[in-house]
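Notes for the structure review
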Amino acid sequence: MSTPSNAIESNLVENRVFPPSDAVVKAARVSGMAGYEALCAEADRDFEGFWARLAREHLQWNKPFTQTLDESNAPFFRWFGDGELNASANCLDRHIGTPTENKTAIIFEADDGAVTRITYKELLGRVSQFANALLSCGVGKGDRVLIYMPMTIEGVIAMQACARIGATHSVVFGGFSAKAVQERIIDAGAVAVVTANYQLRGGKELPLKAIIDEALAMGGCDTIHNVLVYERTKTACNMVAGRDKTFTEVLAGQSTECAPVAVGAEHPLFILYTSGSTGKPKGVQHSTGGYLLWAKLTMEWTFDLRPEDIFWCTADIGWITGHTYVAYGPLAAGATQIIFEGVPTFPNAGRFWQMIERHKCSIFYTAPTAIRSLIKAAEGDEAVHPARSDLSSLRILGSVGEPINPEAWMWYYKNVGGERCPIVDTFWQTETGGHVITPLPGATPLVPGSCTLPLPGITTAIVDESGQDMPNGAGGILVIKRPWPSMIRTIWNDPERFKKSYFPDELKGYYLAGDGAVRSADRGYFRITGRIDDVLNVSGHRMGTMEIESALVAKTDLVAEAAVVGRPDDVTGEAICAFVVLKRARPTGDEAKAIATELRNWVAKEIGPIAKPKDIRFGDNLPKTRSGKIMRRLLRSIAKGEQITQDTSTLENPAILDQLAQTN
Ligand code: WTA
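Residues numbered from 1 in each chain as written. Predicted model: local features only at pLDDT ≥ 70, side-chain atom pairs only at ≥ 80, totals over all residues. Heavy atoms only, no water.

Examining the overall build of the protein chain
Counting its secondary structure elements, the protein chain contains 19 helices and 30 strands. Against the compact-globule benchmark of 26 Å for 664 residues, the protein chain has a radius of gyration of 24 Å, which places it among compact chains. With 664 residues in all, the protein chain has 63% of them scored as buried. The long-range fraction of contacts in the protein chain, counting pairs at least 24 apart against all pairs at least 6 apart in sequence, stands at 71%. Element-wise, carbon and sulfur atoms account for 50% of the exposed surface of the protein chain, whose accessible area totals about 24300 Å². Side chains of the protein chain give 68 positive and 76 negative charges; the mean places of these two sets differ by 1 Å. (Helix = DSSP H or I, 4+ residues; strand = E, 2+ residues; numbered from the N terminus. Rg over C-alpha atoms; globule rule 2.2 N^0.38 Å. Buried < 20%, exposed > 50% of the residue type's maximum accessible area, 1.4 Å probe, protein only. Contact = heavy atoms within 4.5 Å. Areas by Shrake-Rupley, 256 points an atom, 1.4 Å probe, with all protein chains shown as cover. Lys, Arg positive; Asp, Glu negative; His and termini not counted. Charge placed at Lys NZ, Arg CZ, Asp CG, Glu CD.)

Written out as structure tokens, the structure is:
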């Protein structure tokens, strides 16, 4: 572990406190700090009893659990282990026969602006029908299904249908390459792929099925017997007889009723691959019971959800935020939600604000990187400024995925929230399943740039490298001391890596989040300072430096060595900067530019366009210690354009620093 280094720098120190108004406090589900503290006290008093109560109140069980938490095989914790339930039934069937059945579940706005609405009852029919289609292809309980879909109702249907029959889904974001898809198919041992012919983004038709074809042609994917293709557009795509079927074909004649399969609470609902500090992406495995409890509970706690709310989380279903706060949480909580297919800048950068007005969105949840890029756009063009839209329907704003700098927070608060809407800056991770540190809108006084306090029952702390608690005001390593229901259960296929990554021996059995943090001296509020491992956060997308390095050195005809670091970026939070040593002489001028472009395209093919380095610099060598270790700390300084003030006496080749700095 190194010291926190990737923190976003901010020029503005914002010490103002924004307490919730009396009216907001009065109406809130968790009302005032007294309400928050009462829940914390309940969890303190009887930890297991607290979770058992919530799990009974919030979920419908086919078989009630008798044991709440099983710690006998720590850190492989089990929650509600002998209980049985079905996630899809808890999102859909539970609303049938209640006033929610005819409520709009999803307002879908397509890339081109076309709007479709679907009620809970209709959604249940479509999910059941697709579940029957999966069954007819021989997919069943325990099988893994890879989903590579655009942001559409059909993407959510595919996920819910898997849950309905007890199949474990593994959604891969549509921006990942064929190679990335192939690796995930092999690791998960998936039996089927659900995809679309194309996706529509920003007025462009982009292939999805062709990428699946390419992935399957790379070999090792013999487990795949079915590829189901949603015809998102009219354009034809290649279809392999016997293996590939369109949605139209596979849904024909399927009943709209399908009994949900009850599974054990620990049954893997999904695997979601995310980047770690070393090697290949990790298949984060989540449970059914604990995960779903968290998805529903945090919808109600963090967003103070009410029946009349129109909720909009802008995340793609390919990321954890799109799992918990699009595919599961809003449905379990019976909310009406907006799903948007396109991009925030098409047809112009006012799209989000126009959509909030059009659909009377009341809870809006997005990423700081989107806010920062829309601030830039609004500064350059009055026509796309949020002031041009009627945003009076908004009640609560949220932020997720990376630290939100106080400047962006203030802009969001004033220009989008009209200084009336609390902002919940939610800190969490793929591994935590849902929010862990966040303000509650009707309780917590807000401080811009701080995610404030842990949710009730979540035992976050800041410790040093031996697990000792740090005092408020001193930075350290963020841990969670006790297990919680929605935590990662294991890394698919790699329990040893799970233990090593998240429960290292020196940390006394605490969960290691991988972030640095500091608590304020006055309030004990948490502020996340950035990852302490080699994970970057670019536009809220998590990426391992090692992953990008491996991709670069895989270009064996050209690259001898590569080191990747992050540097702060005004819009994307962090930007990827690669230092590369070629197998030929160090290129300069136009040749360097051409090779940099070639390498960027190569990385896009190996991982996906989101992993393309912004900066590529060539050197004769990399700064190394005498034992051959690359000194990344120095590379980070060079990437930022800083003067090197660190001690370089242990360097084998100090002259290389000047060379790398000059290619700036
Ligand atoms: C970062 C996304 C500061 C953090 C839900 C974490 C944040 C990583 C915040 C997880 C926040 C997420 N403030 N940093 N509110 N939310 N992060 O797995 O570094 O894609 O470890 O989950 O994003 O990214 P992941």
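Right, picking up where we left off after that structure.
Here's the deal with the packing of aromatic side chains
For the coordinates displayed, the defined rule picks out 41 aromatic pairs. Between the aromatic rings of phenylalanine 303 and phenylalanine 311, the centroid separation amounts to 5.0 Å while the plane-to-plane angle is 65°, which identifies the pairing as edge-to-face. There is no split in this pair, since phenylalanine 303 and phenylalanine 311 are both buried. An aromatic cluster of three or more residues is present, and its members are Phe47, Phe50, Trp51, Trp61, Phe65, Trp79, Phe80, Trp294 and Trp301. (Phe/Tyr/Trp six-rings, centres within 6.5 Å; stacked < 30°, edge-to-face > 60°.)

What about the pattern of salt bridges?
Across all of its chains, the model carries 38 salt bridges by this definition. A salt bridge links arginine 567 to aspartate 615, with the shortest nitrogen-to-oxygen separation between them at 3.5 Å. Placement of the pair is arginine 567 in strand β28 (residues 559–569) and aspartate 615 in strand β30 (residues 615–618), with a sequence separation of 48 residues. For the pair arginine 567 and aspartate 615, a shared accessibility class is recorded, and that class is buried. Residues joined by salt bridges that share partners form a network here, namely Lys209, Asp213, Arg243 and Asp244. (Salt bridge = Lys/Arg side-chain N within 4 Å of Asp/Glu carboxyl O.)

Thoughts on the side chain of lysine 209
Turning to its location among the elements, lysine 209 is positioned in helix α8 (residues 209–217). When neighbours within four sequence positions are excluded, lysine 209 is seen to be in contact with Thr195, Ala196, Asn197, Val227, Val229, Cys237, Asn238, Met239, Arg243 and Asp244.

A word on the pairing of strand β9 (residues 198–201)
Inspection of the sheet shows β9 paired to strand β10 (residues 204–207) by 4 bridges, in the antiparallel sense. Paired with glutamine 199 across the bridge in β10 is leucine 206. Connecting β9 to the antiparallel partner β10 that follows it, the hairpin turn spans 2 residues, and glycine 202 within it adopts a positive phi of roughly 60°. (Pairing = 2+ DSSP bridges.)

Details of the sheet that holds strand β25 (residues 526–531)
Strand order in this open sheet of 4 strands is β21-β22-β24-β25, and the pairing throughout is antiparallel. Looking at the sheet topology across the chains shown, the edges are occupied by β21 (460–463) and β25. Direction aside, neighbouring strands of the sheet carry axes that sit 45° apart on average. Taken together, the 4 bridges between strand β22 (residues 476–480) and strand β24 (residues 511–519) define a ladder with antiparallel strand orientation. Counterpart to isoleucine 477 in the pairing with β24 is glycine 516. (Axes fitted to C-alpha atoms, helices over the stretch in contact; angles between N-to-C directions.)

Side note on helix α19 (residues 655–662)
Turning to α19, its buried residues number three or more, namely Ile656, Leu657, Gln659 and Leu660. In an axial view of α19, the angular spread of the buried residues amounts to 165°, which keeps them on one side of the axis. Within α19, the exposed residues directed more than 90 degrees away from the buried face are Ala655, Asp658 and Gln662. Residues of α19 that are buried sit in contact with β29 (573–582), β30 and α18 (632–640). (Arc of directions from axis to C-beta.)

Details of the site of the ligand
What surrounds the ligand is a group of 17 residues, the closest being Thr426, Thr430, Asp515, Arg531 and Arg542. Within the backbone of threonine 426, an N or O atom sits 2.8 Å from a nitrogen atom of the ligand. The set of elements that each furnish at least two residues to the shell around the ligand consists of α11 (320–332), β20 (423–426) and β25. When the residues that make up the shell around the ligand are grouped by side-chain class, the tally is 6 nonpolar, 6 polar and 5 charged. (Near = heavy atom within 4 Å. Polar contact = N/O pair within 3.5 Å; in protein donor to acceptor, adjacent residues only side chain to side chain. Nonpolar A, V, L, I, M, F, W, Y, C, P; charged D, E, K, R; others polar.)

Some points on the pairing of strand β26 (residues 535–538)
Here β26 shows no split at all, with Val535 and Asn537 on one side and Leu536 and Val538 on the other all buried. Direction of pairing for β26 relative to strand β27 (residues 541–544): antiparallel, over a ladder of 4 bridges. Paired with leucine 536 across the two strands is methionine 543, which belongs to β27. The loop that links β26 with its antiparallel partner β27 comprises 2 residues; one of these, serine 539, has a positive phi angle of about 55°.

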